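# Close look at the chain arrangement
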Amino acid sequence: MNFAKYEINKNGFNSYREFKPTENNFEVALIGDSFIEGLHQNYHNSIGSKIENNLENKVSVFEYGFSGYDLADQLHLIQQYDDDMAVIDLIVIYLNFSNDVKRDEYEPDQGRAAIDGNPLFKIKREVKLLSYMHGIGLLDPIINPILNRENQGAEKQASNGESQNLEKEYLENFKNLIQKYPIDKDKTIFLIDQSKTSMLFTQFCDDNEIKYLDFGDELNQSNRRTTLVFDKHWNNHGRNIIASVISDFIHKRL
């Protein structure tokens, strides 16, 4: 069981602040799914607030996190907030390669492949209370059987030697997405666990000057638990590590 306070700002995101980008300060957009949305921890102790504290409040972090977002959602969001993104200095996109590039175009309410055709997941995404209940495990008895069936199917595909084909397919989806929604390579960086990310992806990024930031080494080498007891989302220690990795990168950039 997990209890946490959340606060939805005027833009519709769980955040300790409103989003008011300026051209005078160094500002960061932190974009992702439920790991960035942070409904599993008090909103005033989020990854963004940790980054700000680490850097002695020399930066402002705007957290655009929404449960179920994949890369298509995230890139579409950047396009929709183009005026804000134009003045924001750094865009950090959390990317789980095995889940977030299963499609190569954005369609409203489509979401990741795991929710395709499942009205329950669509409703859960749109209703914050249900999203929060899912985050703390109250919906697990309903949702887990659905996910288990899908995960078993994915494992069966991998066991049949199709994992490499999937990696190629996901990479093509990634290429198509950044072609449809071009990223600013100078100020966009993908936040990844490199140990769980296809080498095809990292090689493509290296060849095309696309930046990525690996948090996997720091997280996986921790001698303390980094996730919550009842689900895989980062606990406070895990969030401290993620915030530290991002803070170190920003500090070098500053």
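All chains use their own residue numbering, which begins from 1 and follows the written sequence. Whole-chain, interface and lining totals are the exception, using all residues; otherwise, since this is a predicted model, local features are given only for residues with pLDDT of at least 70 and side-chain atom pairs are given and counted only at 80 or more. Excluded from the side-chain calculations are hydrogens and water; all other atoms, namely the structure's heavy atoms, are used.

## Regarding the packing of helix α2 (residues 47-54) against helix α12 (residues 236-253)
This is how the line gets drawn: Axes here mean lines fitted to C-alpha atoms, for a helix over just the part in contact, with angles spanning 0 to 180 degrees between N-to-C directions. Elements are defined by DSSP. Helices are runs of H or I of four residues or more, strands are runs of E of two residues or more, and each kind is numbered from the N terminus. Should an angle fall under 35 degrees it is called roughly parallel, over 145 degrees roughly antiparallel, and 65 to 115 degrees roughly perpendicular, with every other angle called oblique. Two helices that cross are described as forming a left-handed crossing if the nearer one is turned anticlockwise from the farther one by less than a right angle, and a right-handed crossing if clockwise. We call two residues contacting when some pair of their heavy atoms lies within 4.5 Å. By the convention adopted, Pro, Cys, Tyr, Trp, Phe, Met, Ile, Leu, Val and Ala count as nonpolar, Lys, Arg, Asp and Glu as charged, and the other residues, Gly among them, as polar.
Their axes nearest at 8 Å, the elements α2 and α12 cross at an angle of 50 degrees. Here α2 lies oblique to α12, going by the angle between them. Both α2 and α12 take part in a crossing whose hand is right-handed. Contacts between α2 and α12 involve I47, K50, I51 and N54 from the first element and N236, R239, N240, I242, A243, S244, I246, S247 and I250 from the second. Looking at the contact of α2 with α12, its residues break down into six nonpolar, five polar and two charged.

## Some details on the pairing of strand β2 (residues 59-65)
We apply this condition: Under the scheme applied here, a residue whose accessible area is under 20% of the maximum for its type counts as buried, over 50% as exposed, and between as partly exposed, the area being computed with a 1.4 Å probe on protein chains only. At least two DSSP bridges between two strands are needed for those strands to be called paired.
Across the seven residues that make up β2, a large majority, seven, are buried. Here β2 shows a buried face lined by V59, V61, E63 and G65 and a second buried face lined by S60, F62 and Y64. When strand β1 (residues 26-32) meets β2, the two strands line up parallel, connected through seven bridges. Counterpart to V28 in the pairing with β2 is V61.

## Some words on unusual backbone geometry
Glycine aside, residues mostly have negative phi, and peptide bonds are mostly found in the trans state. Within the chain, N57 stands out as a residue other than glycine whose phi angle is a positive 60 degrees. In this fold, N57 is placed in the loop between α2 and β2. We note that E209 has phi near 55 degrees; this positive angle belongs to a residue other than glycine. Mapped onto the secondary structure, E209 falls in the loop between α10 (199-207) and β5 (211-214).

## Some thoughts on the packing of aromatic side chains
Centre distance and the angle of the planes are the two values used to describe a pair of aromatic rings. Quick reminder of the rule: Aromatic pairing here means that ring centres of Phe, Tyr or Trp (its six-membered ring) are within 6.5 Å. Orientation follows from the plane angle: under 30 degrees is stacked, over 60 is edge-to-face, and everything else is tilted.
This model, assessed by the stated rule, comprises 18 aromatic pairs. Each ring, one from F19 and one from F62, has its centre 5.4 Å from the other, and the planes form 45 degrees; the classification is tilted. Here F62 lies in strand β2 and F19 lies in the segment before β1, a separation of 43 residues in the sequence. Comparing F19 with F62 shows no difference in burial state: the two are buried. Relative to W234, the ring of Y94 lies with its centre 5.4 Å away and its plane at 65 degrees, an arrangement referred to as edge-to-face. Of the two residues, Y94 sits in strand β3 (residues 90-94) while W234 sits in the loop between α11 (216-220) and α12, which places them 140 residues apart along the sequence. Since its relative accessible area comes to 6%, Y94 is described here as buried. The exposure class of W234 is buried, given its relative accessible area of 4%.

## What about the packing of helix α3 (residues 71-80) against helix α9 (residues 163-180)?
Where α3 meets α9, the axes come as close as 10 Å, and the angle between the chain directions of the two elements is 10 degrees. Taken together, the axes of α3 and α9 are roughly parallel relative to one another. Of the residues in α9, those in contact with L71, A72 and L75 of α3 are F174, L177 and I178. When the residues that make up the contact of α3 with α9 are grouped by side-chain class, the tally is six nonpolar, no polar and no charged.

Fair warning: the whole summary comes from geometry, so function is off the table for now.
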